[in-house]
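Fold and contact review
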Amino acid sequence: MKNFSGNATEDPVGAVGYLGPPGTFTHQATLTHPALAERAHIPLADAESVIGAVARGSVELGVLAWESSVAGLVGPTLDLLAASASEVRIRDDIALPVEMCLWTRPGARLGDVRRVASHAHALTQCRGWLRAHLPAATVRETASTAAALEAVARDRRGTTAAIASAGAGNAPGVRGVTVSRRAIGDIPDAVTRFVVLGLGAAGPREPRRALLACFQPQNRPGSLLRILRVFADHGIELTHIESRPTRTGLGHYYFLVECLLPPSRAASLERAAARLRGMGVRVKDLGATPFAPAGRSGAPGPAALGVPA
Ligand SMILES: O=C(O)C(=O)Cc1ccccc1
């Protein structure tokens with residue numbers, strides 16, 4: 001596992017790996033979950049490292065951003081999970097309001113800012129504000145918002161700004177930075193849904209939302225329709241579908257299928273998956289989250305994770 005010094009780490013059992021460094025939105029989401037807050041938290045460099053650490057068992061759980069109310073699903077995270085040969089699965093989710101703030105060196109004015117650094121999700125959510133207020137600044141994508149804040153702290157000339165959460169400056173080791181504008185996101189009240197990942201089958205009690213990745217054997221007219229019909233035939237309600245490139249050629253896609261599973265339907269999903277496999281569709285179980293109406297905030301207790309607190 002890669003940590004921030006690039007060294008191999010041996011992490012304690014029960015630890016939670018998250019997209020670091022400390023101060024990221026993912027870190028904040030981890031701290032709001034009652035079953036995760038008291039564990040050891042291991043900052044990791046990227047989504048691949050988080051999934052890899054859970055897969056190897058060097059952390060017990062991982063937390064990653066999954067979906068934004070502004071930009072939709074986080075495609076790269078979904079693709080990594082769908083492509084992983086491991087049994088890493090989603091066990092829970094955490095909804096977090098995300099307020100985007102512009103951070104600079106103290107005393108720096110907007111006119112001093114030459115570049116703005118942040119994570120891609122944050123830059124996407126502030127595009128309009130940046131165009132209106134910092135049209136000449138260059139934009140630099142960083143591995144996380146907190147990594148961008150570190151770049152501001154290092155820039156003694158005060159020409160670098162970062163977009164990060166209002167609390168990001170409280171992280172240990174971050175000095176000499178200040179919030180110069182709050183709430184610069186283009187869409188007010190933006191929320192990000194983070195997922196908690198674990199190894200193996202433990203998951204939330206029903207009702208739950210189950211997630212499957214379906215890889216069709218070949219692209220044929222009607223192949224998506226054939227897949228969807230199997231869910232309908234088994235009485236399974238779909239709440240979301242999304243197509244993602246398989247990266248094996250132009251026009252080759254797999255489908256994320258999210259379905260609502262009331263207690264009476266768990267066996268139906270297994271039968272539907274078996275039927276799809278019989279049709280040559282490769283089905284990967286990505287896990288499940290407890291079902292709650294969209295916009296739920298807060299998180300359930302340890303039972304939902306299928307692990308002791
Ligand atoms: O970079 C971070 O702080 C993250 O946790 C990723 C992210 C960025 C912006 C919104 C939600 C998650």
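Residues numbered from 1 in each chain as written. Predicted model: local features only at pLDDT ≥ 70, side-chain atom pairs only at ≥ 80, totals over all residues.

- Naming follows an unreviewed UniProt entry, where the protein appears as Prephenate dehydratase of Streptomyces boetiae.
- UniProt, in the comment section headed Catalytic activity (unreviewed entry), describes the protein in these words: "prephenate + H(+) = 3-phenylpyruvate + CO2 + H2O".
- One UniProt comment on the protein, placed under Pathway (unreviewed entry), says "Amino-acid biosynthesis; L-phenylalanine biosynthesis; phenylpyruvate from prephenate: step 1/1." (UniProt positions renumbered as here; feature names shortened; annotations may be inferred.)

**With respect to the confidence of the model for the protein**
- Per-residue confidence for the protein averages 89 on the pLDDT scale, and 88% of its residues sit at or above 70.
- Of the regions scoring below 50 in pLDDT, residues 1-13 engages in 21 contacts with residues more than four places distant in sequence or in other chains.
- Counted against residues more than four places away or in other chains, residues 294-304, with its pLDDT under 50, gives 21 contacts. (pLDDT = per-residue confidence, 0-100. Contact = placed C-beta atoms within 7 Å.)

**Things to note about the UniProt feature "domain: ACT" (unreviewed entry) in the protein**
- UniProt's entry tags residues 212-291 with the feature "domain: ACT" (unreviewed entry), counted in the numbering of this structure.
- Secondary structure across residues 212-291 comprises 30% helix and 39% strand; the distance between its end C-alpha atoms is 15 Å. (Helix = DSSP H or I, 4+ residues; strand = E, 2+ residues; numbered from the N terminus.)

**Examining the pairing of strand β14 (residues 253-261)**
- Note: strand β12 (residues 208-215) against β14, 8 bridges, orientation antiparallel. For Arg-208, the partnering residue across the bridge sits in β14 and is Leu-261.
- The sheet contact formed by strand β13 (residues 237-245) and β14 spans 8 bridges and is antiparallel. From the neighbouring strand, Ser-243 faces β14, where its bridge partner is Phe-255. (Pairing = 2+ DSSP bridges.)

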